[in-house]
Amino acid sequence: MVFRLVRTILRQPVSHLSKLAKYCFKSTADVVFLDCSMPCEVNPRFVLLYGSQKGQAQSIAEGLAEVAEEHGLVAELSCLEHTEKYNLEKENAPVVFIVSTTGDGEPPDNALQFVKRIKKKTLSTDHYKHLSYALLALGDTNYANFCNCGKTIERRLQELGAKQFYATGYADDGVGLEVVVDPWLDGLWKAIKGALSKMASDRTGYFNGEAGDSPKETPDSSLPDVQLNLLSITDRQNCESVGGSVETVSKSAFAASSSAPAAQTAVSDLRPAASAGSPGLASQSHGTASISTSAPETQTKDAGVSRVILASSLKCSLPPLSESSLNVPALPPSYLDVSLQEVDTMEEIIGPFNKETLHEVPIPRAVQLTRGDSVKTALLLELDISAYPMMTYQPGDSFDVFCPNRATEVENMLHRLGLYDQRNHRVHICLCKDTKKKGAQVPPYIPQNISLLYLLTWCLEIRSIPKKAFLRALVEHTGDSVQRRRLQELCSKQGTADYNLYVRDPSLNVLELLTAFPSCSPPLSLLIEHLPKLQPRPYSAASSCLTHPGKLHFVFNVVELPACSGRPAGRRGLCTGWLFDLINPVLLFPGKDESSGRMALPKIHASLRPNCSFRPPSDMSVPFIMVGPGTGVAPFIGFLQQREKERLENPEATFGETWLFFGCRHRDRDYLFREELEGFVSSGTLSHLKVCFSRDDQMEEEDNNSAARCRYVQHNLRLSSQHVTDILLKQNGCLYVCGDAKNMAKDVNETLIEMIRTELQVDQLEAMKRLAGLREEKRYLQDIWG
């Protein structure tokens, strides 16, 4: 058999490879060398690893892998948990990590074991000295420990000797991941090629300096790996296919702009294609799109000239965007083949599919905690978990509620897809035989033998915000040229501001987007490929099982999403709206007595989510401070209920001080748990209760004459600065913060830094270090949400 030694990464002269071949063969007569200038050259490789909790890091990694070939590279894509697919201990190609952060700075579930593995103290400082890496970290500055997983991996890689070949990117979902992700990806390809070139240069040094003719023919373990491949005719076809993709996109873009009616699109000139150096972006040329017909038009009397009054919206843009050439992401390859099969009978599945890990629990009691004229509606629900002894929880724990998509929205989606009459047909999903998607698989969260109705009700998050890749895919299924152009704008680099304004910030969902673009008719397979799994919603326990055995309480505000461009009428949050509708028949209102009627109790599916860190101190003598405005007070009710029981059971024990900083809008409308909190103070369970009301004009004084100036919890914290810092820094106390991440948690954090700076007379940096030390010691803990 004749082998061809393919020069790939090494890019060595044939003379050098001849020396290497002597190690592999007794004679080089059977070796044919393929010069790298030939068109069938095997592309150099790099390793692409991701850790993802909700799919964003995975989506970015998959998109990167899809376009690697266009840049003359091969991406070996793997999830960090699939250790059988990669081996960093022996890897000699560049490695790119894309990782997100979840919870309180924790790694995603599928990256947890990797992080534990590299954090082993037994690893030597040169364990990864051979490794060359780049890292993109995803996070959200609204939460503590921004990009902590990425920072942890990077710090540990460097401690183990790995070398960085490209600056780390820290993408903030609080302002839009693409602000950092897009330029980071833009520069990645050049960096990878530079790393590959350096590696090749280092190997060249080996051949020139150390690999001279030797009388010994024993293979040297330091020789770089060379892949021996049987050359097949498909290799040339694959190489040639790369060049055609950009051309195809350019032609389709030209066709889209030139086929529009003259009344809608006026092509004044054909601009040159945008730069094609961006990763995952295809260069497209567009004429200047005139969108005057979609805006109100008024006539002026000046020489009979029409004047157009334009207003930007979800459906139309304004110059300069409407006149710009666009850098549009590459079209994501389709990979699922979906068919609907009519069956005589379909087994009816009620509720979520994975019931073996869930518990169906009744709701014997539901109470509205706020008055009817309150800005927000807060509800307390009591779950009866007595039938499930394994659902034992601790104060600070949370649990998941599994809710379906709203029936009306599912029905509207079926009508929009033209599949309403097939709603009870069985869905059959398999991989396309000719898909080019790397690592394609049928979504594991979609069970077999389900109906289309069940798929849209329990499996897919139809409320999810469409990603740019999804918008790009929708372009191909949009008939109207103006609507196509607008979708291209929204998914382009140039249209990022519009995407954030009209899609991301108002949480526009897929159905609302399809309603705004009526000529878009995507196939069902596209939705399954791009819509994420319907996720359960977490809630904090607002009770202690010592006080309420067999019961679990939780509190939530009914989320209200306002109307916006693309959403003519407001809507409620998915889970909170569903819960509100579910318990409405049995809902009790403030001041009303409980009904003695025998009404069927509503039930929900739930599972426990233990939180081993956000719990009161195990040592009862340790003082602790709680900050929880609004429904953020929920877990602290459980803290105090447990403390009250502990005091009764241990009357001789020493208990540390307890402080609670609570705030709301109005004392008489949304002061949650007022009677219970005041009862804790009376019994001595709660040492100090500091409350504030942000919307009350006249506030009664609480403990001091400055209370009238306190509108938010951080104001009361500042007034108690000396006591708070003394507890945290001298008494080794703990601080817990629960509630809104975007404003409250940030303001509290900044206030704490200022308090430490003032009380200790240190500079800003030292105060920040002291507060960071409390985090590391697990004495400053947060349970916050966006």
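Since this is a predicted model, take the numbers as computed values, not measurements.

Draft legend 1. Here's a closer look at the state of the cysteines. Applying the stated criterion across every chain yields a total of zero disulfides. Its sulfur unpaired, C430 is 7.1 Å from the next cysteine sulfur, which belongs to C432. Classification of C430 by relative accessible area gives partly exposed; the value is 28%.

Draft legend 2. Looking closely at the sheet that holds strand β29 (residues 734-740). One open sheet holds the five strands; their spatial order is β28-β27-β26-β29-β30, and the pairing between them is parallel. Lying at the two open borders of the sheet, with one neighbouring strand each, are β28 (688-693) and β30 (780-785). Direction aside, the axes of adjacent strands within the sheet are offset by 10 degrees on average. Sheet topology places β29 next to β30; six bridges connect them, and they run parallel. Note on β30: the bridge partner recorded for G739 is I784. Against the sheet, helix α15 (residues 634-649) makes contact with β26 (624-627), β27 (658-664) and β29, and its axis sits at roughly 150 degrees relative to β26, the strand it touches most.

Draft legend 3. View of the side chain of S525. Summarising the element assignment, S525 is placed in helix α13 (residues 524-530). Here S525 is in contact with L336 and V338, once residues within four sequence places are set aside.

Draft legend 4. Representation of unusual backbone geometry in the model. Here P319 and P320 are connected by a cis peptide whose omega angle stands at 10 degrees. Among the secondary structure elements, P320 is positioned in the loop between β12 (306-308) and β13 (326-329). Within the chain, C147 stands out as a residue other than glycine whose phi angle is a positive 55 degrees. Positionally, C147 belongs in the loop between β6 (132-139) and α4 (148-159). Even without a glycine there, the phi angle at F673 is positive, about 60 degrees. Considering the arrangement of structural elements, one finds F673 in the loop between β27 and α16 (674-683).

Draft legend 5. Looking closely at the side chain of T658. Residue position: T658 is located in strand β27. Discounting residues that sit within four places of it in the chain, T658 has contacts with F624, M626, R643, T685, L686, S687 and H688.

Draft legend 6. Highlighting the pairing of β6. Counting buried residues along β6, eight of its eight residues qualify, which places the element largely inside the surrounding structure. Of the two faces of β6, the one lined by S132, A134, L136 and L138 and the one lined by Y133, L135, A137 and G139 are each fully buried. Two elements, strand β5 (residues 95-99) and β6, share five bridges in a ladder whose sense is parallel. Pairing of V95 across the sheet is with Y133, part of β6. Crossover connection from β5 via helix α3 (residues 112-118) to parallel β6: handedness right-handed. Bridge count between β6 and strand β7 (residues 163-164): two bridges; the pairing is parallel. Bridge pairing in β7 links S132 to K163. Where β6 meets strand β8 (residues 169-172), four bridges bridge the pair, whose relative direction is parallel. If you follow L138 over to β8, its bridge partner there is A171.

Draft legend 7. Spatial organisation of the packing of helix α7 (residues 407-417) against helix α8 (residues 452-459). Where α7 contacts α8, the axes come no closer than 10 Å and their chain directions differ by 130 degrees. Classified by the interaxial angle, the pair formed by α7 and α8 is oblique. Handedness of the crossing formed by α7 with α8: right-handed. Together, V410, M413 and L414 of α7 and L452, L453, L456 and T457 of α8 make up the contact between the two elements. When the residues that make up the contact of α7 with α8 are grouped by side-chain class, the tally is six nonpolar, one polar and no charged.

Draft legend 8. Here's a closer look at the nonpolar core. The biggest cluster of nonpolar side chains holds 49 residues, and the ones touching the most others in it are L314, M413, L455, L460, L474 and I528. In terms of residue count, the dominant contributor to this core is α8 (six residues). The contacts of L474, once residues within four sequence positions are left out, are L487, L513, L514, C520, P522 and L526. With 33 residues, the next largest nonpolar core counts A65, A134, L136 and I192 among its residues.

Draft legend 9. Structural view of the pairing of strand β16 (residues 365-368). The pairing of β16 with strand β17 (residues 378-384) spans four bridges and is classified as antiparallel. The residue of β17 that forms the bridge with A366 is L381. Bridge count for β16 against strand β24 (residues 587-588) is two bridges, and the pairing is parallel. In the sheet register, V367 faces β24, and the bridge partner there is L588.

Draft legend 10. Fine view of the pattern of salt bridges. For the coordinates displayed, the defined rule picks out 28 salt bridges. The closest approach of N and O atoms between E76 and R45, which form a salt bridge, is 2.7 Å. Of this pair, E76 sits in strand β4 (residues 74-79) while R45 sits in strand β3 (residues 45-51); the two residues are 31 residues apart in sequence, bridging distant segments of the chain. Under the relative-accessibility criterion, E76 is labelled partly exposed at 33%. Residue E766 pairs with R770 through a salt bridge whose shortest N-O separation is 3.2 Å. Here E766 pairs with R770, and both are found in helix α20 (residues 764-776), just four residues apart, close to one helical turn. The exposure class of E766 is partly exposed, given its relative accessible area of 28%.

Draft legend 11. Summary view of the sheet that holds strand β15 (residues 359-362). Spatially, the four strands line up as an open sheet ordered β15-β25-β18-β20, and their pairing is antiparallel. Whereas interior strands pair on both sides, the edge strands pair on one side only; in this sheet they are β15 and β20 (537-540). Each neighbouring strand pair of the sheet contributes to a mean axis angle of 45 degrees, computed without reference to strand direction. As paired strands, strand β18 (residues 398-402) and β20 are joined by four bridges and run antiparallel to one another. In the strand pairing of β20, V401 is matched with R537.

Each value, and the rule that gives it
Residues numbered from 1 in each chain as written. Predicted model: local features only at pLDDT ≥ 70, side-chain atom pairs only at ≥ 80, totals over all residues. Heavy atoms only, no water. Disulfide = S-S within 2.5 Å. Buried < 20%, exposed > 50% of the residue type's maximum accessible area, 1.4 Å probe, protein only. Pairing = 2+ DSSP bridges. Helix = DSSP H or I, 4+ residues; strand = E, 2+ residues; numbered from the N terminus. Axes fitted to C-alpha atoms, helices over the stretch in contact; angles between N-to-C directions. Contact = heavy atoms within 4.5 Å. Right-handed = clockwise from strand over helix to strand, strands pointing away. Parallel < 35°, antiparallel > 145°, perpendicular 65-115°, else oblique. Left-handed = near helix turned anticlockwise from the far one by under 90°. Nonpolar A, V, L, I, M, F, W, Y, C, P; charged D, E, K, R; others polar. Core = buried A, V, L, I, M, F, W, Y, C linked by side-chain atoms within 4.5 Å. Salt bridge = Lys/Arg side-chain N within 4 Å of Asp/Glu carboxyl O.

Without other data, these values stay purely geometric and don't point to any function.
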